[in-house]
Amino acid sequence: MPAPACAGKPRQRKDPTLNAVAMPKPNPAAPLPNPNAAWLLRAPLAELTAAAAQLRDRGHGRLLSYSRKVFIPLTHLCRDVCHYCTFARAPRAARAPYLAPEDVLAIARAGAAAGCTEALFTLGDKPELRYRAAREALAALGHATTLGYLHAMAALVLRETGLLPHLNPGVMTRADLAALRDVSASQGIMLESVSERLCAPGGVHHGSPDKHPAARLATLRLAGELRIPFTTGILIGIGETRAERLEALHAIRDLHAAHGHIQEVIIQNFRAKPGTKMARAAEPDADDLVWTIAAARLVLGADMNIQAPPNLSPGVYPRLIAAGINDWGGVSPVTPDHVNPEAPWPEIAALAQRTAEAGKLLVNRLPVYPAYAQDIATWAAPEIATRVRRMSDAEGLARDDDWAPGRTAPPPAPSVYARAADPALTRIVAQACAGERLDAAQIVRLFAARDADYRHVIGAADALRRAVSADVVRYVVNRNINYTNICTYRCRFCAFSKGRTHEALRGTPYDLAIEEIVRRAEEAWARGATEVCLQGGIHPDYTGETYLGICRAIRAAVPGMHIHAFSPLEVTQGAATLGRPVPAFLAALKSAGLGTLPGTAAEILDDGVRAIICPDKLDTAAWLGVARAAHGLGLRTTSTIMYGHVETPHAWARHLLALRDLQAETGGFTEFVPLPFVHMEAPMYLRGAARRGPTYREAVLMHAVARLALHPLIPNIQTSWVKMGPAGAAACLQAGANDLGGTLMNESISRAAGTEHGQEFPPAAMEALIASLGREPVQRDTLYRPVSAERRAAAFAAAPLAPVVQTPPARRALATTG
């Protein structure tokens, strides 16, 4: 069989990735790729760009992304001789053929220090098949192939810096791709063109066997079969026709339709470079680039990520955006563009400003795009998946701060570049403020707010808070009593419970004696408390009589104390052990002294999420059923959400709507309490299966969006000082929250998960924080009524707490009496 037309004269070693293919002659009369191509080729440019921009907005809204990267040119050697390229260089005695491991690490560490998340490895294609110097250098490094050395360096960077490698090594076999999948978040190969004419003598790819379209398409296909998030694109202005560009775009579209793996398509414009065969060639003009971007959007659809490198077209950003891009690609604050060294990267702040001037908001992504990050177990090796989860936010973008719930200090306020909020978002906010029920998509849009949109959402939520509850901030003096940390359930987020599978977690198992529970309640009363909040694990020896006995004992000892106790999970378990319906058991608890129920164990009211984080816990319908039954008996409850682990904003929206709808039915919720996931000691985080809690922006937004989405049915939005910290709680009080929760006295669950905040926030400190915001502090009881002067005086004169006694586990007589 004759050699490929691209092979040219350079002497090559055998390459297993290519089969010899005879090149057909050019056929000017070949049909266009599909019926739409004729319209794309003849339609006015303004018509194309308008249609493309509308399609882009349908898929990506107001966001335009980039990846903060560091560029690692592992080797400039390449067996190909593309006529436009200055990246590839022949071996020289004075220059090492490959970057040494210490040089690779130095570049990567500089990138990590500058806040990069991506390590882009770029290199020539299989130089060892052409150059003895490459083979000798690889042998000295302990490797037989460039791809083997790339694997080692990607693993080194991943291990030592935490940056996510993105690899562009050229044409690869299935085995090559599979091996590199273990050490990279994503890979890529520019298709460039499907024109075989470019491989013929006189074409830009003549002498470059790896640029044969069939070989590159085969690599793209194999990547799809291996489920690798993959980058590709076309290079315009190298001799191809517009019809051939469309043919390449349709080939990409068809591969993506088959495998779903093409995460971005780059439209890169040729730049003439001195010292190349194309040094005097004409570059594509702005209209040609804009036409190609618009055509790519219209061929590839609303959801595809279409990128144009900003450094290659610095003067036409608004036109590129108007043509349908939604991504700028990688931008490095540390390293130059080694492929286009004549074109410096824009500064990121300047890029954000220019993007905002065009009506979009610049957001930082990971090398793996959000749709893949949110399903990363499918698309990456386990170690990579863990790192992606820990580096991403709920939308699958790069975290925009280093804050985590339980930390002491909030991050600095983000810069605002946009002049005004998105009109579509302001309309949603107006609907919410008018008391209308938003749909899930509208709530998701509110959770996506950034920049000026974020400011608008939190400002509107704060104004609505002021309209509902004026400038009063309420709090309750209470005591948490977690009566046991032994639990038969295996919630994957819980660092509190202890049992056979929890020995590695903090603390030792305990099961409080009834005398200690009563002592803590009596001490709380003496310190001004009006409420004891009782919750614990689902102890295997507990029955419904256990919970009834606790209520009776506290009511007998402290008759004035409000008993706020037992989540819907404990209620369900207690009823089951007695063989009684939930409503009947709730009525018995009420008769025994129960005043209200905490709305915990809700976590996320989405059964898909619950199947991951708490598969043996009651489902959404059961949780709502217990709350409905309690409300029907006059037992009011709080409502909560535990967020920032594996769920997405779509689950947040469903959760809020489930609460709103039940409140419209019963009116029984007193407040809504967002509880950000504290990750530090949580089992599913330690196993690499969860994010690091919400970002600070997401945590503040949860309070603001709740105020809007639940209005006017749930008037009280509480912020958790234990999880947000005093400074974070203050921010939430300026973003829709109107309640600071309880003083607690003892807090075990969040502390077990790793929060740094204390176990008590005394009334004087609470009131000082509230006053610092120019707001009026008011001490309340559980049902939002004022407390007596006697209770307030006792709270401000509280003596120090006596040491607690954590009763060792033992079978309890109370479990069978009462």
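Computed from a predicted structure; not experimentally measured. (Residues numbered from 1 in each chain as written. Predicted model: local features only at pLDDT ≥ 70, side-chain atom pairs only at ≥ 80, totals over all residues. Heavy atoms only, no water.)

Caption draft 1: Looking closely at the overall build of the protein. Along the backbone of the protein there are 30 helices and 18 strands. On C-alpha atoms alone, the protein measures out to a radius of gyration of 31 Å, which is about the 28 Å that the 2.2 N^0.38 rule sets for 818 residues. Overall size of the protein, expressed as C-alpha extent along the three principal axes, is 95 × 55 × 45 Å. For the protein, restricting intrachain contacts to residue pairs at least 6 apart in sequence, the fraction spanning at least 24 positions comes to 78%. Of the roughly 29700 Å² of accessible surface on the protein, a fraction of 56% belongs to carbon and sulfur atoms. (Helix = DSSP H or I, 4+ residues; strand = E, 2+ residues; numbered from the N terminus. Rg over C-alpha atoms; globule rule 2.2 N^0.38 Å. Contact = heavy atoms within 4.5 Å. Areas by Shrake-Rupley, 256 points an atom, 1.4 Å probe, with all protein chains shown as cover.)

Caption draft 2: Highlighting the pattern of salt bridges. This structure, assessed with the given rule, holds 53 salt bridges. Of the charged contacts in the structure, one is a salt bridge between Asp462 and Arg466, with a shortest N-O distance of 3.4 Å. With Asp462 and Arg466 both in helix H17 (residues 451-469), this residue pair falls four residues apart, about one helical turn. A salt bridge links Arg465 to Asp471, with the shortest nitrogen-to-oxygen separation between them at 3.1 Å. Arg465 sits in the buried class, given a relative accessible area of 1%. Through salt bridges with shared partners, one network takes in Asp393, Glu395, Asp400, Arg450 and Arg697. (Salt bridge = Lys/Arg side-chain N within 4 Å of Asp/Glu carboxyl O. Buried < 20%, exposed > 50% of the residue type's maximum accessible area, 1.4 Å probe, protein only.)

Caption draft 3: Representation of unusual backbone geometry within the structure. Residue Pro712 follows His711 across a cis peptide bond; omega there is 0 degrees. Among the structural elements, Pro712 can be located in the loop between helix H26 (696-709) and helix H27 (721-733). The residue Ala601 is not glycine, and still its phi comes out positive at about 70 degrees. Of note, Ala601 is situated in the loop between strand E14 (594-597) and helix H22 (607-613). Positive phi, normally seen in glycine, also occurs at Leu744, with a value near 75 degrees. Take Leu744: it is sitting in the loop between strand E17 (739-742) and helix H28 (749-753). Residue class for Leu744 comes out buried when judged on its relative accessible area of 10%.

Caption draft 4: View of the side chain of His679. By the secondary structure assignment, His679 is in the loop between strand E16 (669-676) and helix H25 (683-686). Here Arg692 takes part through its backbone oxygen, which lies 3.5 Å from a polar atom of the side chain of His679. (Polar contact = N/O pair within 3.5 Å; in protein donor to acceptor, adjacent residues only side chain to side chain.)

Caption draft 5: Layout of the sheet that holds strand E15 (residues 636-643). With respect to topology, six strands assemble into an open sheet ordered E11-E12-E13-E14-E15-E16, the strand pairing being parallel. Every other strand in the sheet has two partners, leaving strand E11 (478-482) and E16 as the edge strands with one partner each. Direction aside, neighbouring strands of the sheet carry axes that sit 25 degrees apart on average. Across four bridges, the pairing between strand E12 (residues 531-535) and strand E13 (residues 562-565) is parallel. Within E13, the position partnered with Glu531 by the bridge is His562. (Pairing = 2+ DSSP bridges. Axes fitted to C-alpha atoms, helices over the stretch in contact; angles between N-to-C directions.)

Caption draft 6: Here's a closer look at the side chain of Thr122. Inspection of the secondary structure puts Thr122 in strand E2 (residues 118-123). In contact with Thr122, other than residues within four places in its own chain, are Phe71, Ile72, Pro73, Leu74, Thr75, Phe87, Asn168 and Val339.

Caption draft 7: The packing of aromatic side chains, seen in detail. Scanning the entire structure with this criterion turns up 13 aromatic pairs. Ring centres of Tyr483 and Tyr542 lie 6.0 Å apart, and the angle between their planes is 35 degrees; this geometry places the pair in the tilted category. One end of the pair, Tyr483, is in the loop between E11 and helix H18 (514-526); the other, Tyr542, is in the loop between E12 and helix H19 (544-557), and 59 residues separate them in sequence. Just as Tyr483 is buried, Tyr542 falls in that class too. With 5.9 Å between their ring centres and 80 degrees between their planes, Tyr542 and Tyr547 make a pair best called edge-to-face. Tyr547 shares its class with Tyr542; the two are buried. Ring-pair connections join several aromatic residues into one group, and the members of that group are Tyr483, Tyr542, Tyr547 and Phe566. A cation over a ring is seen here: Arg227 above Trp379, with NZ or CZ 4.5 Å from the ring centre. When the ring centre of Tyr685 is taken as origin, the NZ or CZ atom of Arg390, which lies over that ring, is 4.1 Å away. (Phe/Tyr/Trp six-rings, centres within 6.5 Å; stacked < 30°, edge-to-face > 60°. Lys NZ or Arg CZ within 6 Å of the ring centre and 35° of its normal.)

Caption draft 8: Seen up close, the confidence of the model for the protein. Of all residues in the protein, 91% have pLDDT values of 70 or greater, and the mean over the chain is 91. Contacts of residues 749-755 to residues separated by more than four positions or lying in other chains number 27 contacts, the stretch itself having pLDDT below 50. (pLDDT = per-residue confidence, 0-100.)

Caption draft 9: Broad picture of the sheet that holds strand E10 (residues 472-476). The sheet built from three strands is open, its strands ordered E17-E10-E18 with parallel pairing. Of all strands in the sheet, those bounded by a partner on one side alone are E17 and strand E18 (776-780). Each strand axis lies, on average, 20 degrees off the axis of its neighbour in the sheet, ignoring direction. With two bridges joining them, E10 and E17 adopt parallel strand pairing. Along E17, the bridge assignment pairs Val476 with Gly742. Against the sheet, H27 makes contact with E10 and E17, and its axis sits at roughly 160 degrees relative to E17, the strand it touches most.

Caption draft 10: Molecular detail of the packing of helix H23 (residues 620-632) against helix H24 (residues 649-666). Where H23 meets H24, the axes come as close as 11 Å, and the angle between the chain directions of the two elements is 25 degrees. Put simply, H23 runs roughly parallel to H24. The interaxial crossing formed by H23 with H24 has right-handed handedness. Where H23 approaches H24, its residues Trp623, Leu624, Ala627, Arg628 and His631 are matched on the opposing element by Ala658, Leu659, Leu662, Glu665 and Thr666. Residue composition of the contact of H23 with H24, by class: six nonpolar, two polar and two charged. (Parallel < 35°, antiparallel > 145°, perpendicular 65-115°, else oblique. Left-handed = near helix turned anticlockwise from the far one by under 90°. Nonpolar A, V, L, I, M, F, W, Y, C, P; charged D, E, K, R; others polar.)

Caption draft 11: Layout of helix H3 (residues 101-113). With 13 residues, H3 extends 18 Å from end C-alpha to end C-alpha; this agrees with the ideal 18 Å at 1.5 Å per step. Taken as a whole, H3 has its buried residues at Val104, Leu105, Ala108 and Gly111. Taken down its axis, H3 places every buried residue within 125 degrees of arc, on the same side. Away from its buried face, by an angle of more than 90 degrees, H3 presents the exposed residues Glu102 and Ala113. Of the residues one or two after H3, Gly115 is the one with positive phi, at around 85 degrees. (Expected span 1.5 Å × (residues − 1). Arc of directions from axis to C-beta.)

Caption draft 12: Spatial organisation of the environment of Pro715. Positionally, Pro715 belongs in the loop between H26 and H27. In the structure, Pro715 is positioned 44 residues away from Glu671 in sequence and 6.8 Å away in space, judged by C-alpha atoms. When sequence neighbours within four positions are dropped, the list of residues in contact with Pro715 reads Val468, Arg707 and Asn738.

Caption draft 13: Spotlight on the state of the cysteines. Enumeration over the complete set of coordinates arrives at zero disulfides. A disulfide-free cysteine, Cys78 has its sulfur positioned 6.5 Å from the sulfur of Cys82, the nearest such atom. With no disulfide partner, Cys491 has as its closest neighbouring cysteine sulfur the one in Cys614, 5.2 Å distant. (Disulfide = S-S within 2.5 Å.)

Caption draft 14: Spotlight on the environment of Thr241. Turning to its location among the elements, Thr241 is positioned in the loop between strand E5 (230-236) and helix H8 (242-259). C-alpha separation for the pair Thr241 and Ser195, spaced 46 residues apart in sequence, amounts to 8.7 Å.

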